[in-house]
Amino acid sequence: PIEPWYIGGPVIKGFGRGSKVLGIPTANLSVEGYSTILVEHPSGVYFGWARLSTRGVYKMVMSIGWNPYFHNTEKTIEPWLLHDFSEDFYGEELHLAIVGYIRPEANFPSLESLISKIYENRKIAENALDLPLYVRHKDAPYLTGSL
Ligand code: ADP
Ligand code: MG
C-alpha cells in the first residue's frame, strides 16, 4: 500500500482521443501546480476515489505520465471514472484520492494490447477498492468536503 495523496481541479480538455480511439474516456486534470507532487510519484497506473463536485464519489483508475504509445511530450493526469455517465462534465471540479499503485508506465506493441492491459488494470482497481483497506479512503475529508 502507498500513502494516499490528493489532487484536484476542473476537468480540462485533453487530446480528444481517450474515448474516441480507445473507448476509455479519461477526465484530464491540469498538471499546473502539481509539478512537485508529480516528480515525487513515478509515472504509471494508479487507482483511488474520484469526487465530482455535483455528482458523487466514484472508483477510478488513472494514468499519470507521457503515454508512450501516443508519444506525448507533456505529462498528463488522466483518471477513468468507473461509472457510466450520460453526459460529459468538462469544467466540473474533480477531486482525487490516489490510494494504490498498479504498475509503472509502459509502451505497448499494439493498440489492442494497450486496451486489454487497461481493462485488466480496471479490474484490479475495481476489486482492490472493495477492500476495507481502500474503502475507508472514500470518506477522506478532501473528497467529502464542500468543493
Ligand atoms: P479528452 O481528451 O478531452 O480528455 P476523452 O476522450 O478522454 O477526452 O474523454 C474524457 C471526457 O469524457 C471527460 O472530460 C468527461 O467530460 C467525459 N466522461 C464521460 N464519462 C467519463 C468517465 N467514465 N470517466 C472519465 N471521463 C468521462
Ligand atoms: Mg482524456
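Residues numbered from 1 in each chain as written. Chains lettered and ligands numbered in written order. Predicted model: local features only at pLDDT ≥ 70, side-chain atom pairs only at ≥ 80, totals over all residues. Heavy atoms only, no water.

**Observations regarding the pairing of strand 4 (residues 56-65)**
Okay, step 1: Most of strand 4 is tucked away, with 8 of its 10 residues classed as buried.
Okay, step 2: Where strand 3 (residues 44-52) lies against strand 4, 9 bridges are found, and the strand directions are antiparallel. Counterpart to V45 in the pairing with strand 4 is S63.
Okay, step 3: Between strand 3 and the antiparallel strand that follows it, strand 4, lie 3 residues.
Okay, step 4: In the sheet, strand 4 pairs with strand 5 (residues 76-81) via 6 bridges, with the strands oriented antiparallel. Looking at the pairing, M62 lines up with P79 of strand 5. (Buried < 20%, exposed > 50% of the residue type's maximum accessible area, 1.4 Å probe, protein only. Helix = DSSP H or I, 4+ residues; strand = E, 2+ residues; numbered from the N terminus. Pairing = 2+ DSSP bridges.)

**Re the environment of D88**
Okay, step 1: Along the chain, D88 turns up in the loop between strand 5 and strand 6 (93-104).
Okay, step 2: Taking the C-alpha atoms as reference, D88 lies 31 Å from E40; in sequence the two are 48 residues apart.

**Focus: the side chain of E78**
Okay, step 1: The residue E78 is located in strand 5 in this model.
Okay, step 2: Side chain to side chain, E78 and T26 meet in a polar contact 2.5 Å long.
Okay, step 3: Within the structure, the side chain of E78 is placed 2.9 Å from the side chain of N67, a separation counted as a polar contact.
Okay, step 4: In this structure, E78 is in contact with T26, A27, N28, V61, M62, S63 and N67, ignoring residues within four places of it in sequence. (Polar contact = N/O pair within 3.5 Å; in protein donor to acceptor, adjacent residues only side chain to side chain. Contact = heavy atoms within 4.5 Å.)

**Observations regarding the environment of I12**
Okay, step 1: Inspection of the secondary structure assignment puts I12 in strand 1 (residues 5-12).
Okay, step 2: For the pair I12 and E32, spaced 20 residues apart in the sequence, the C-alpha separation amounts to 12 Å.

**Focus: the coordination of the magnesium ion (ligand 2)**
Okay, step 1: For the magnesium ion (ligand 2), the protein coordination sphere consists of T26 (O), T26 (OG1) and N28 (OD1), at 2.1 to 2.3 Å.
Okay, step 2: Classification of N28 as buried rests on a relative accessible area of 7%. (Donors = N, O, S within 2.8 Å, 3.2 Å for Na, K, Ca; no water.)

**Considering helix 3 (residues 111-128)**
Okay, step 1: Compared with an ideal rise of 1.5 Å per residue, which puts 18 residues at 26 Å, helix 3 spans 26 Å between its outermost C-alpha atoms and is within 8% of the ideal.
Okay, step 2: When we look at burial in helix 3, the residues that qualify are L114, I118, N121, A125, E126 and A128. The arc that holds every buried residue of helix 3, seen down its axis, measures 165 degrees, which confines them to one face. (Expected span 1.5 Å × (residues − 1). Arc of directions from axis to C-beta.)

**Quick look at the pairing of strand 5**
Okay, step 1: For strand 5, the tally of buried residues reaches 6 of 6 residues, placing the bulk of the element in the interior.
Okay, step 2: Neither face of strand 5 is open: one carries T76, E78 and W80, the other I77, P79 and L81, and all of them are buried.

**Brief notes about the packing of aromatic side chains**
Okay, step 1: Per the counting criterion, the structure on display carries 7 aromatic pairs.
Okay, step 2: Ring geometry for Y6 and Y142: centres 5.5 Å apart, planes at 50 degrees, overall tilted. Taken together, the residues span a long stretch of sequence, with Y6 in strand 1 and Y142 in helix 5 (residues 141-144) at a distance of 136 residues.
Okay, step 3: For Y142, a relative accessible area of 28% gives the class partly exposed.
Okay, step 4: Chaining the aromatic ring pairs together yields one cluster made of W5, Y46 and Y101.
Okay, step 5: The side chain of R122 reaches across the aromatic face of W80, ending 4.7 Å from its centre. (Phe/Tyr/Trp six-rings, centres within 6.5 Å; stacked < 30°, edge-to-face > 60°. Lys NZ or Arg CZ within 6 Å of the ring centre and 35° of its normal.)

**Notes on unusual backbone geometry**
Okay, step 1: The residue N67 is not glycine, and still its phi comes out positive at about 45 degrees.
Okay, step 2: Checked against the element boundaries, N67 lands in the loop between strand 4 and strand 5.

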